[in-house]
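# Analysis of the macromolecular model
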Amino acid sequence: MKSYQKLTTDVPQPAASRVEEEGADGKPSCFQKLSTWWLGGCLLAVAILLSAGTVWVLRQASKGRHAQTPPEKCSSVTEPLRFDCYPERNVVVTQELCEARGCCFIERDQASGSRQGVPWCFYPPDFPSYVLESLNQTELGMVGLLRRKVKAYYPRDIETLQLSVEFETDTRLHIKITDSSSPRYEVPLQVPRATKRAENPAYSLDFSREPFGLVLKRRASGAVLLNTTVAPLIFADQFLQISTTLPSTFLYGLGEHRSTFLHSLDWNTLTLWARDVPPTESYNLYGSHPFYLLLEEGGAAHGVFLLNSNAMEVALQPAPSLTWRTIGGILDFYIFLGPDPNMVIQQYQQVIGLPAMPPLWGLGFHLCRWGYGTSNETWQTVKAMRNYQIPQDAQWNDIDYMEGNRDFTFDPQAFNTLPQLVEDLHKHGQHYVMILDPGISSTNPRGSYWPFDEGLRRGIFINTTEGQPLIGQVWPGLTAFPDFSNQDTHQWWLENLKRFHAYVPFDGLWIDMNEPSDFMDGSVDGCPAGDLDRPPYVPAVLGGSLSAKTLCASAKQNASVHYNVHNLYGLMEAKATASALIQIRGKRPFVISRSTFPSQGRYSGHWLGDNRSEWKDMSWSIPGLLSFSLFGIPLVGADICGFSGTSSEELCARWMQLGAFYPFARNHNTQNEKAQDPTAFNSEVRTAMKEVLLTRYALLPFLYTLFHRAHLLGDTVMRPLFFEFPQDTVTYSIDKQFLWGESLLVTPVLEPGADSVIGYFPRGLWYDYYTGSSVNSSGEMLKMAAPLDHINLHIREGAVLPTQKPETTSGASRGNPLRLVAALSPNAVAWGDLFWDDGESLDTFEKDNYSYLVFNVTQNVFTSTVLHANVEATYVTVDTLTVYGVRGPPTRVTVNGEEHPFSYLDNQVLTVSDLHLSLSQGFSIRWM
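Residues numbered from 1 in each chain as written. Predicted model: local features only at pLDDT ≥ 70, side-chain atom pairs only at ≥ 80, totals over all residues. Heavy atoms only, no water.

## What about the environment of Gln-350?
The residue Gln-350 is located in helix α5 (residues 341–352) in this model. On the basis of relative accessible area, Gln-350 is assigned to the partly exposed category, the value being 49%. Distance in space between the C-alpha atoms of Gln-350 and Met-618 is 32 Å, their sequence separation being 268 residues. Ignoring anything within four residues of it in the chain, the contact list for Gln-350 reads Arg-172 and Pro-192. (Helix = DSSP H or I, 4+ residues; strand = E, 2+ residues; numbered from the N terminus. Buried < 20%, exposed > 50% of the residue type's maximum accessible area, 1.4 Å probe, protein only. Contact = heavy atoms within 4.5 Å.)

Have a look at this one:
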């Protein structure tokens, strides 16, 4: 029986409401004095980035000017509410520069007690903004006209704006602000169109006329979810900015970044601009997801999505408040009222699209490395895995399979047996996945490389401003880049894949380098001068330029200039790739993409990129994956054991244990490093890896059902604890543990040399997955034994988990008998479900080609009810029922009314074996 050691824990409490933000009537003070900005200031990121020497120069230059007291209107603005008026980087912001914008300048330093990051240049209460000149009712909401009487300080500011508000559903509000007279670029994403106004919305919306602002409240609690009256709205051609207060400090999302799952609001700026860079803190990474989820006091949650694909940054500050700052497009907001976190994510996915159902084999274990060197070496690794009977569903190859790193080729010498390898994989029920990069080699002799020749003939490449294919440099050398915003490119991509599939019948595709990555900045010819490549304002992108390690922003694509659609590149390539796979194989597509954007889950999964073989990288993977659960991309993982560097045996063993519970599980490392597949280690480590993979394969029916619920409803698969326990404030910052669905708690070891692990157990009964021994937690930290061959898994009370005798592939496992595990609540009830189909056909749910079962326990009776059935379920039997938490030894057990043998252990575990019950028929098991 497992022993648990209880630990004390300090419970963080939600931040108290800011009393000074409200008037006596409970309304924001802007309603008492609409003609003034009551609050001011924003994040001054330059105060974070300036070197110590530059700060000294700035102080010396302004020393003599601060003997005078700042105006009362400036000093009255408290530091947390100072919204940055001069967010430009690489500029020493002087008093003259600041005041030229009509803003307040108050220099602060650590000696004055100011926090690092407080802006010195911030908006005064009377800074001019837009006026709401009219507001008229429409069938779906209202439309208004905003007018700016005083020009803003960015060029080409737009004088009149149109405000559109649509009450789309009772829990979804759509707010759109754009130029009232000229069309602007909008993200070409399919979104639902409301047909009638919400009848009983969970929100109320009020407006400030002058200066313009809106205040959104939750009706049930009165919580102010958005209040944009705190700082001026700025809407110029290439600089759009809007700020809001937040009802708490518990904010998540806004990816892709390497950070804690719960964001810091301590003057923190998050940049969204797709970039090829190994995951590193404080950098903009591979994808762009302008969506956040926020937990309010009391546990309710809401989400906000800005549908904008331009370069942007989100400035967070401790008011608490947030500033959206983007350099193109429009302000197109969706707000989701939940009220619980799960419902927020479901509502978000109703807008961006529900994720695709993956093939069952895609949830098995995948193995890859850059550096196998030959197809025979790849083959030997597969054979070694089989020899040790270690589960593996898919073998992958990185770019070294290609001839000269060129797409749609394979090396005729080193990889000459690749077609035979793939044939052998298929014979053993395994699958093959290969990498493709978007860069197409442009230097081959004319007529020798069909992908480039044909692409050039069809005009499907991204062009320069001169109308010629933009040439950059990636792995094959000088390359052109397909324009996936062009439907003709999709056809060209399909034809290339068909031609290659005829030689190497791959099963899935790994699309990499699709930010898109370019080893030179812009192109071989650089980028032209102009506002697209050198905009008036550049967000805090790594490299300081929009073209850093990618294409020129001015490059021409079918949908728009690259400036507008850069962040969509990975999404558009994933869409083309998934479509091609469906046409080639006639089965569910399996695609893993590095760059992502909202709605990507409809077409692909994602991995977290080129991580390192370090303990901290393993630990960072959990908040990274949890964030993508919020983004509607449930098929997500990180390179197990790390991509770059050499993994130690201990690190790789622990990482394989954690990675066995990534929704997408792939071990992958780079060239010129030691192999890190399970067969490369000693027998102890190899056995530990094998056992945890067998555990994953036993749980595939449960995991597969979670993916069905994600596909059908928008549920999360890998889930933060606070999703299930939103009233428990301890869970708000936990990102070293996670849940599968509602009921399986995973507590990995994330530190070297550990033989125990500390995990938090929210209030309730939790059962050890392996033994059924229970712990009744009041909401406590527990210390648990964790030897090198063990990862702690616990089942939450009230759950029924469908499991299966594991084999070395998912295809072999799916024919084995099921074992159902019921974990009883204190009142002896439990519930679970199972989705079952052939594991690979398209649209099985939509076409009714599936089985769906519900399991219930009540009053000492376990019941399996078949709600929908198809022929696949007739091939599988239920062999064992294990019930955790049966408080006394039964005297007899009946199966469908007939007495049946059973066993009972002192830790209150009842087991009924040798059932041989058909999955396709309902049954009941009673104990007395």
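Alright, that's what it looks like, and here's the rest.
## Topic: the confidence of the model for the protein chain
For the protein chain, the mean per-residue pLDDT works out to 93, and 92% of the residues sit at or above 70. Note on residues 1–67: pLDDT under 50 across the span, and 162 contacts to partners over four residues away in sequence or across chains. (pLDDT = per-residue confidence, 0-100.)

## Considering the packing of aromatic side chains
Scanning all chains against the criterion turns up 51 aromatic pairs. Ring plane angle 20° and centroid distance 6.3 Å describe the contact between Phe-305 and Tyr-334, whose orientation is recorded as stacked. Taken together, the residues Phe-305 in strand β16 (residues 301–306) and Tyr-334 in strand β19 (residues 331–336) connect sequence positions 29 residues apart. As far as the burial class goes, Phe-305 and Tyr-334 line up, both buried. Here Phe-628 and Phe-631 contribute two aromatic rings whose centre-to-centre distance is 5.3 Å and whose plane-to-plane angle is 80°, an arrangement assigned as edge-to-face. Against the face of Trp-379 rests Lys-383, its NZ or CZ located 4.7 Å from the ring centre. The positively charged end of Arg-686 is found above the aromatic ring belonging to Tyr-388, 3.9 Å away from the centroid. (Phe/Tyr/Trp six-rings, centres within 6.5 Å; stacked < 30°, edge-to-face > 60°. Lys NZ or Arg CZ within 6 Å of the ring centre and 35° of its normal.)

## Focus on the state of the cysteines
Summed over all chains, the structure comprises 5 disulfides. Two residues share a disulfide in this structure: Cys-85 and Cys-103, whose sulfurs sit 2.0 Å from each other. Around the S-S axis, the bridge from Cys-85 to Cys-103 shows a dihedral of about 65° and counts as right-handed. Residue Cys-85 is located in the loop between α3 (72–75) and α4 (95–100), and its partner Cys-103 is located in the loop between α4 and β2 (104–105); the two are separated by 18 residues in the primary sequence. Comparing Cys-85 with Cys-103 shows no difference in burial state: the two are buried. Across the disulfide, Cys-641 is cross-linked to Cys-652 (sulfur-sulfur distance 2.0 Å). The S-S bond linking Cys-641 to Cys-652 shows a torsion near 90°; that makes this disulfide right-handed. Separated by 11 residues along the polypeptide, Cys-641 in the loop between β30 (639–640) and α13 (649–659) and Cys-652 in helix α13 bring together distant segments of the chain. Cysteine pairing in the protein chain follows 1-5, 2-4, 3-6, 7-8, 9-10, where each cysteine in a disulfide is numbered by its order in the sequence. (Disulfide = S-S within 2.5 Å.)

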